[in-house]
Amino acid sequence: MNQTLSNNMKQINSIEEYNAQYKQSVQNHDVFWADAAESFSWRKKWDTVLDWNFTEPSVKWFNGAECNLSENCLDRQLATRANQVAIVWEPNDPKEQHRTLTYKQLYDEVCRFANVLKNTGAKRGDRICIYLPMIPEAAIAMLACARIGAIHTVVFAGFSSTSLADRINDCQCNLLITADAFYRGEKKIELKKIVDEALPQTTTIKNCIVYNHRNTAIEMKQGRDLWWSDLMKNASVENKAEAMLSEDPLFILYTSGSTGKPKGILHTTAGYMVYAGYTFKNVFNYQNGEVFFCTADVGWVTGHTYLVYGPLLNGATTIMFEGIPVYPDHGRFWDVVDKHKVNIFYTAPTAIRSLETYGTEIFKTKDLSSLRVLGTVGEPINEEAWHWYDKNAGKGKCPIVDTWWQTETGGILISPIATVTKLKPSFATFPLPGVQPVLMDGQGKEISGNDVEGNLCIKFPWPGMARTIYGNHERFRQTYFSSYPGYYFTGDGCKRDADGYYRITGRVDDVINVSGHRIGTGEIEDAIDEHELVIETAVVGFPHDIKGQGIYAYVICTGKVENEEKLRTEIKAMVTEKIGAFARPDKIQVVKGLPKTRSGKIMRRILRKIAEGDISNLGDTTTLIDPTVVGQIKEGAL
Ligand code: WT7
């Protein structure tokens, strides 16, 4: 148990090594992944490395083995880095003190909180909802769940009470962990109030553990609400991690699809652990003792894999930043880098584009010399933003890893290997070892050769992949394994250029990517439809300079709308209430009709074009029931 992953997991250090590892991972996948798995600690080794079929689908990695993710993140590190900082918490307000937790301190907190969970009645297999701001307690709660074998489902603290309730109900959580309130920039978010609105819409929650973060006056419901600190005082610091089976569920994370309610993407224990550890170390070329700063929120998968689990599995120091990039000013990211001597910085293209609008003067006063590697995630990065990032943050000397992956993939699948892969701006470049991407044509056939474009599928399992949608395996099969039988379909379009480099072009389904947040158009439509004046809604994405995509809603209303401005304000409030502020439409156009085919399907292609402002060539509209609606929509376009 005193081994450390960073010392013995082989790292890719040259393109030759990448090629060799890639080749082995395809030809001899079991040996390749067993080798990677050896650097973790196991209570019991596996019977088989991989059992799979993509028809049911059923995927099992390291079947028969036993391990614990929390033990691998913490206990395994103590022998060599007990006093090294594991988490640095940087508060929203730079005038407040930052906090650090060493590996030993984090271990103690997690053990104590694991006992709190048990004392509160939680057990292996329970679903526990975590609704917390970006504070170390979020990581402590996640690690404590993993330690006792409970399944965590983290809900981003920007989601509304309705979204929170929906998620709790879908996976029937019996425990909720939250905080009183927090600040994002100057805005105060009263988290516990949102919880109090959500819980009456749920039936399964027995207790709510509340962390006092801002000393805000809140209501504590007797018998239900418990203070984090009271429970911690009475809990022992001794906790032996549960021995979990490889395929035991680890966490559920909700994500939008093109239709219906958000899906509870389920990840399991051993495969996720091996993949998070392996990809963190290789993609970022992580070196022992380095400081890693991922700006994503723990409420998204990036926060799970590359803020918490990947770094801790590798014994890294991970930064948890509570604030926003523009508070108190637009130099905040660089202040954090400077203050904590960050070596590897990982953010979203939307953040880069928004900072770009403020100019580069601010860089003059920041020392960014600690930076060695930069990364991006969440959406395609345009060349201009890439160069700005390279020049101003990286000073032209830091490789930028443009990492493509998804909530469902658990970890990065296509990305440069820092310091190894020759980069091309706006290309995610090559698949990681173990990842076999293919491009599919309209007939469902693999496209061979280079300089081609198609729908991106993966044809072989990787350890970090999702195993199911919680409670709905058929929906899992239908969504990901039915468009191209025998393949995992990503929902993304992709190019492979003449040199074999991959470039992700964006979603090919009805999912839009707003500031790196994925939102199904159907979900926004459902929320808008709840407005009493609205009969029908169609939502599409349009190119947005900063957010990547903006949200454009076309609404049909009953009768004549007296006050369109009022309607727009109300619709925005409705979406904020049903989903969250980040899903608020940028543009709302009241229309008399929508372009529908005879079979009743809305022709979104036309609506997208109009939203883009490209109305010259709308293509074939002859199959529409009433082609004249197109003219009307064009005239009123915003
Ligand atoms: C979708 C997944 C994976 C963590 C954050 C988002 C888009 C993600 C890239 C990239 C182009 C990207 C895809 C993907 N996406 N990374 N480097 N280049 N597009 O996770 O919310 O599950 O969204 O984000 O469209 O399908 P997610």
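Residues numbered from 1 in each chain as written. Predicted model: local features only at pLDDT ≥ 70, side-chain atom pairs only at ≥ 80, totals over all residues. Heavy atoms only, no water.

> I'm lost on helix α17 (residues 521-529) in this one. Help?
An α-helical segment advances 3.6 residues per turn. Residues three or four places apart therefore align on the same side. In terms of residue burial, α17 counts as a mostly covered element, since seven of its nine residues are buried. The set of residues buried in α17 consists of T521, G522, E523, I524, E525, A527 and I528. Among the structural elements, β27 (511-514), β28 (517-520), β29 (534-544), β30 (548-557), α18 (564-578) and α19 (604-612) are those in contact with the buried residues of α17. (Buried < 20%, exposed > 50% of the residue type's maximum accessible area, 1.4 Å probe, protein only. Helix = DSSP H or I, 4+ residues; strand = E, 2+ residues; numbered from the N terminus. Contact = heavy atoms within 4.5 Å.)

> Explain the side chain of S39 here, please?
Relative to the helices and strands, S39 resides in the loop between α3 (29-37) and β1 (48-53). A distance of 2.9 Å separates the side chain of S39 from the backbone oxygen of A36, its partner in a polar contact. (Polar contact = N/O pair within 3.5 Å; in protein donor to acceptor, adjacent residues only side chain to side chain.)

> Got a minute to help me understand the packing of aromatic side chains in this structure?
Two aromatic rings, taken as a pair, are described by how far apart their centres are and by the angle between their planes. Under the counting rule described, the total for this entry stands at 52 aromatic pairs. Here W33 and Y275 contribute two aromatic rings whose centre-to-centre distance is 5.8 Å and whose plane-to-plane angle is 50°, an arrangement assigned as tilted. Of the two residues, W33 sits in helix α3 while Y275 sits in helix α11 (residues 269-283), which places them 242 residues apart along the sequence. On the basis of relative accessible area, W33 is assigned to the buried category, the value being 1%. With a centroid separation of 5.2 Å and an interplanar angle of 80°, the aromatic rings of F159 and F582 are classed as edge-to-face. One end of the pair, F159, is in the loop between β7 (151-154) and α8 (161-171); the other, F582, is in the loop between α18 and β31 (587-591), and 423 residues separate them in sequence. Each member of the pair, F159 together with F582, is buried. Through a chain of ring-to-ring contacts, the aromatic side chains of F32, W33, W42, W46, W61, F62, Y275 and Y278 assemble into a single cluster. (Phe/Tyr/Trp six-rings, centres within 6.5 Å; stacked < 30°, edge-to-face > 60°.)

> Hey, could you run me through the packing of helix α6 (residues 103-119) against helix α7 (residues 136-148) in this one?
The angle between the axes and the distance between the axes are what describe a pair of packed helices. It is at 8 Å that the axes of α6 and α7 come closest, and there the two elements cross at 60°. As for the relative orientation of α6 and α7, their crossing is right-handed in sense. Of the residues in α7, those in contact with L106, Y107, E109, V110, C111, F113, A114, L117 and K118 of α6 are I140, A141, L143, A144, C145, R147 and I148. A class-by-class count of the residues in the contact of α6 with α7 yields 13 nonpolar, no polar and three charged. (Axes fitted to C-alpha atoms, helices over the stretch in contact; angles between N-to-C directions. Left-handed = near helix turned anticlockwise from the far one by under 90°. Nonpolar A, V, L, I, M, F, W, Y, C, P; charged D, E, K, R; others polar.)

> What is the right way to read the sheet that holds strand β24 (residues 468-469) from this model?
Pairing between the strands of a sheet is mediated by backbone hydrogen bonds and can be parallel or antiparallel. Spatially, eight strands are ordered β12-β11-β8-β6-β7-β14-β15-β24 in an open sheet, and the strand pairing comes out mixed. Each having just a single partner strand, β12 (225-227) and β24 make up the two edges of the open sheet. Pairing of strand β11 (residues 207-211) with β12 involves three bridges; the strand directions are parallel. From the neighbouring strand, I209 faces β12, where its bridge partner is L226. (Pairing = 2+ DSSP bridges.)

> Just checking my understanding: could you explain the pattern of salt bridges for this structure?
Between side chains of opposite charge, pairing is possible as soon as their charged atoms come close. Tallied over the entire structure, the rule returns 42 salt bridges. The salt bridge partner of K261 is D166, with a shortest N-O separation of 4.0 Å. Placement of the pair is K261 in the loop between β14 (249-255) and β15 (263-268) and D166 in helix α8, with a sequence separation of 95 residues. Residues joined by salt bridges that share partners form a network here, namely K192, D196, R224 and D225. (Salt bridge = Lys/Arg side-chain N within 4 Å of Asp/Glu carboxyl O.)

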